[in-house]
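As a plain string of letters, each chain reads:
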Amino acid sequence: MIEESTYPKSVFIKLFDNKRTFFYEIIKEGTYPLAEQLYYTKNPKHPIPHNYIVKTQYGKAMHTVKCSIEYMEKRPLYKICFGDNFAREEFNKMKEIGKNQNRNQSNRKNKGKISGPLLFGLKLLSVEQVRKTMSLDLKIRPFDELGNSQKRRKILGLSQRVLDIVEKEKGNTFHPDDQIKLKQIKFETYDDIYEINFGKLGKIEEMKKIEAVVKSLDRGHISREAYRSLARIEDLPRENVICDSRQKINAEMKKKVPMTLVDLLQPTAFEPITGNPDITDSTIIMNMLESIGKGGQRRITDILNYIIPLYIEKGILIPRRSTLHIRISGDGRNVGRKVKHVMITMTLLNDLNGLQKPDNHYTLVLYPGAETYDSLRNALAPLISDLNVLKERGFYQIGGNHWPVELYFSSDWKFLAICLGMKAANAQYFCPWCDCSKNDIITTSKTINKSMDDIKINYKQINGHIKEPLFYMIPLQNWVVDELHIFLRITDRLWELMISDLRRETADEEIWKAKILLEMQRLNISFQFWHEKNTNNLLYTSLMGPDKLKILKGFDLFAVFQSITRAIQIRALWDQFNELYHLMQDKKTTGEFFRYKAKSWLDAFTAPSTGHPNRSNFVRGMYRVQDITPYIHVLCNHAAEFLEIHHEFGLAAFSCSPVEKKNHMQVCLYFQNTLKDGGNKNSRKSAILEMLEHENRQLYFASNKVPNFLKKSKKYRLQ
């Protein structure tokens, strides 16, 4: 027979002789199985393909059938579809094809035979040649000898067959409502793993995944190098994709919350920091010193425009009903003994449940340098201007909403005194809120008797004030003491006084030092004593708040004191202060009750001695008036006032703990890398800028509801 064919250029082929003519349309040419599994037709021998489909026309009536061959259980299965839309089908052995098919096609009147290989087009040499070439390329040659395009074609072909089987069989196992879809499969060959994903790429879902990764990297402060290593181990987006997404977020947020980098006027020489350094890492200190003079700012109005919709969505703010209660805070971290990292933040007191989270305190001003009045006045000039406008006019949100504004301020004593233009806490007139002097420090009847308007105009005539207050638009009663620093500084004084008692009781300090160290070990607190060089003064570990609270509650004074009476006195005083601290944190505490409790505690603190010193009934008193600190004065005089004035929020809402935590974390993370503000001049980026970009990205993640994690697929293993 003669074959007219241009296959594979055209899928239509004609095969004829003097008696018969067949027309073929190759729908799927198929492939040949491995040699040991391959079947052949009888004389002449033609290999029988797998996954083969052809449409055949024959006879004077131009009968049309669709024939297919598929290997099932390692043997070829022949299928013929005929009738309207090929709705009828038969499965046959090759030798029966002619008889059965002719009988069906001619209503059992035509008893002629048709060759099975002819009907199925198995004698088409052009198709057989192409099929043999494909089989050699894709099946017979080892996979590692194939080119990349051949490997891809082979893997995709196998994947398609797997998909076909799943689509065919899923109805036998799952309910139609289950909507089972094959999403991904993996193949392993030699040392390579191939992952095939089915369906169109969901760009939105992919973008969510990438942004979730960026958010996680920010939260964990994972470096680019570390992420590259993780991406090689786990199925994660490429590092350059993550980097591009981060830069895209930075660019978008820079338009909405612009960052301004400014050169600040800083002194060339710094006074040594007398307090203990918060950070002692030499690399951080060096990079911080190199960054002096570079400050960063964000406008408070830009941040409000961005975050207010989030607070409205959460139900925290209600348009035309709520007032924006904006709290300004400041903190300076001691980096070594030369320089500080100064941070000014704002938060909304309206969000009472979120005030203890550092991310809810938004950085306004950031700079490394001196924590002085002049440095702050220089850095805060734009913020002071914005706060003036907010105080006078309220906040006009983009989009039309107008919000009344109430301003507050809270920080530690030193920062607060600097912003008020006051002398230090050891001055004769030390109190920011009243006219108390050192001579009257024992009194418990002082109230807030200063006003911000008077201080702004007549600060030179008011005792203790030497400069105009920076935040003069904030009423003095809204300059709220930080309850955390009340606790920290008073516990420091109680500990110092206890050490003095031990010195008086036992001359050999090694004895009571050993007892204290044993007690600290019992409480699982890291603590050490040492002597300062040159002066030989006894120093000891500066503890954090949680450890101080643990000592206040659980330190066994009876284990370190020889005098049981003294241990009982000190324990009673410590327990009373612990009660005061918790009352101060409780919104339900009334000012009157707290004032009574505070006065009782101060009376116990200054209790005089009783009895005669030379007789057995002598009980030594507690402490002197000179031992009362400014924080004790505030505790016993003004804390009750603040509880009454700000009962809506409670004093815990003014804690600076999250601000200090935020400042400490940023300094450690962004100045520990030696390339910050250094390295290649053209590629380096200011650490201040990186901090502000990081802050902007947190706003983006919150606004766009970027998840902290994505739902993981359930994994099973079939062995």
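Quantities reported herein were computed from a predicted structural model and do not represent experimental measurements.

**Let's talk about the overall build of the protein chain**
A tally of helices and strands in the protein chain yields 21 helices and 19 strands. Buried positions account for 46% of the 719 residues belonging to the protein chain. In the protein chain, the share of contacts with a sequence separation of at least 24, taken over all contacts with a separation of at least 6, comes to 63%. A total accessible area of about 39,600 Å² is found for the protein chain, and carbon and sulfur atoms account for 50% of it.

**Thoughts on the nonpolar core**
With 132 residues, the main nonpolar core has Ile 326, Phe 471, Trp 479, Met 498, Ile 516, Phe 555 and Trp 601 as its most contacted residues. Among the elements that take part in this core, helix α13 (residues 483–505) stands out by supplying 11 residues, more than any other. Here this core spans two domains, since at least three of its residues come from each of domain 3 (206–272 + 288–410 + 684–718) and domain 4 (483–652). Sequence-distant contacts of Met 498, defined by excluding residues within four places in its chain, comprise Ile 516, Phe 555, Leu 557, Phe 561, Ile 570, Trp 574 and Tyr 623.

**Here we look at the packing of helix α16 (residues 564–585) against helix α17 (residues 591–605)**
One way to put it is that α16 packs onto α17 with a least axis distance of 10 Å and a crossing angle of 155 degrees. Our classification of the angle between α16 and α17 gives roughly antiparallel. Judged by the sense of rotation from one axis to the other, the crossing of α16 with α17 is left-handed. Residues Leu 573, Gln 576, Phe 577, Glu 579, Leu 580, Leu 583 and Met 584 of α16 form the contact with α17, whose participating residues are Phe 593, Phe 594, Lys 597, Ala 598, Ser 600, Trp 601, Ala 604 and Phe 605. When grouped by side-chain class, the residues that make up the contact of α16 with α17 number 11 nonpolar, 2 polar and 2 charged.

**Some points on the packing of aromatic side chains**
Any two aromatic rings considered together are summarised by their centre-to-centre distance and by the angle between their planes. Applying the stated criterion across every chain, the model contains 29 aromatic pairs. Between the aromatic rings of Phe 487 and Phe 577, the centroid separation amounts to 6.3 Å while the plane-to-plane angle is 5 degrees, which identifies the pairing as stacked. Of the two residues, Phe 487 sits in helix α13 while Phe 577 sits in helix α16, which places them 90 residues apart along the sequence. Each member of the pair, Phe 487 together with Phe 577, is buried.

**Examining the pattern of salt bridges**
Per the stated rule, a full pass over the model turns up 28 salt bridges. Where Arg 697 meets Asp 218, a salt bridge forms, and the shortest distance between an N and an O atom there is 2.6 Å. With a gap of 479 residues between them, Arg 697 in helix α21 (residues 687–703) and Asp 218 in helix α5 (residues 203–220) connect regions that are remote in the sequence. There is no split in this pair, since Arg 697 and Asp 218 are both buried. Three or more residues joined by partner-sharing salt bridges are found here, namely Asp 501, Arg 504, Arg 566 and Arg 620.

**Overview of the side chain of Asn 250**
For Asn 250, the position within the fold is in helix α7 (residues 239–256). Beyond its immediate stretch of four places on either side in the chain, Asn 250 contacts Glu 693 and Arg 697.

**So, unusual backbone geometry**
Leaving glycine out, the prevailing phi sign among residues is negative, and the prevailing peptide bond configuration is trans. Here the residue pair Tyr 7 and Pro 8 is connected by a cis peptide bond, since its omega of 10 degrees sits within 30 degrees of zero. Examined against the element boundaries, Pro 8 turns out to sit in the loop between β1 (2–4) and β2 (12–16). The phi dihedral of Asn 51 falls on the positive side, at around 60 degrees, and the residue is not glycine. Topologically, Asn 51 is positioned in the loop between β3 (21–28) and β4 (52–58). One non-glycine residue, Met 62, lies in the positive phi region at around 50 degrees. Within the element layout of this structure, Met 62 appears in the loop between β4 and β5 (63–72).

**Considerations on the packing of α7 against α21**
Running from N to C, α7 and α21 point in directions that differ by 90 degrees, and their axes come no closer than 9 Å. It follows that α7 is roughly perpendicular to α21 by the angle criterion. Contacts between α7 and α21 involve Arg 246, Ile 249, Asn 250, Glu 252, Met 253 and Lys 254 from the first element and Glu 693, Asn 696, Arg 697, Leu 699, Tyr 700 and Phe 701 from the second. Among the residues making up the contact of α7 with α21, the classes are represented as 5 nonpolar, 2 polar and 5 charged.

**Digging into the sheet that holds strand β6 (residues 75–82)**
Read across the open sheet, the 7 strands follow the order β1-β2-β3-β4-β5-β6-β7; overall the sheet is antiparallel. Strands with a single pairing partner mark the edges of an open sheet, and in this sheet they are β1 and β7 (88–92). Strand-to-strand twist across the sheet, computed as the mean angle between neighbouring axes with direction ignored, equals 25 degrees. In this structure, β2 lies alongside β3, joined through 5 bridges in antiparallel fashion.

**Notes on the side chain of Asp 627**
Tracing the backbone shows Asp 627 in the loop between α17 and α18 (630–637). Of the residues examined, Asp 627 reaches a relative accessible area of 8% and is grouped as buried. Apart from residues lying up to four places away in sequence, Asp 627 is in contact with Arg 493, Leu 497, Phe 605 and Ile 632.

**Considering the confidence of the model for the protein chain**
With 88% of its residues at a pLDDT of 70 or more, the protein chain shows a mean pLDDT of 85. By mean pLDDT, the top-scoring element of the protein chain is strand β17 (residues 405–411) (97), and the lowest-scoring one is helix α1 (residues 97–105) (41). Of the regions scoring below 50 in pLDDT, residues 673–684 engages in 19 contacts with residues more than four places distant in sequence or in other chains.

Reading the values: rules and limits
Residues numbered from 1 in each chain as written. Predicted model: local features only at pLDDT ≥ 70, side-chain atom pairs only at ≥ 80, totals over all residues. Heavy atoms only, no water. Helix = DSSP H or I, 4+ residues; strand = E, 2+ residues; numbered from the N terminus. Buried < 20%, exposed > 50% of the residue type's maximum accessible area, 1.4 Å probe, protein only. Contact = heavy atoms within 4.5 Å. Areas by Shrake-Rupley, 256 points an atom, 1.4 Å probe, with all protein chains shown as cover. Core = buried A, V, L, I, M, F, W, Y, C linked by side-chain atoms within 4.5 Å. Domains from an automatic or database assignment. Axes fitted to C-alpha atoms, helices over the stretch in contact; angles between N-to-C directions. Parallel < 35°, antiparallel > 145°, perpendicular 65-115°, else oblique. Left-handed = near helix turned anticlockwise from the far one by under 90°. Nonpolar A, V, L, I, M, F, W, Y, C, P; charged D, E, K, R; others polar. Phe/Tyr/Trp six-rings, centres within 6.5 Å; stacked < 30°, edge-to-face > 60°. Salt bridge = Lys/Arg side-chain N within 4 Å of Asp/Glu carboxyl O. Pairing = 2+ DSSP bridges. pLDDT = per-residue confidence, 0-100.

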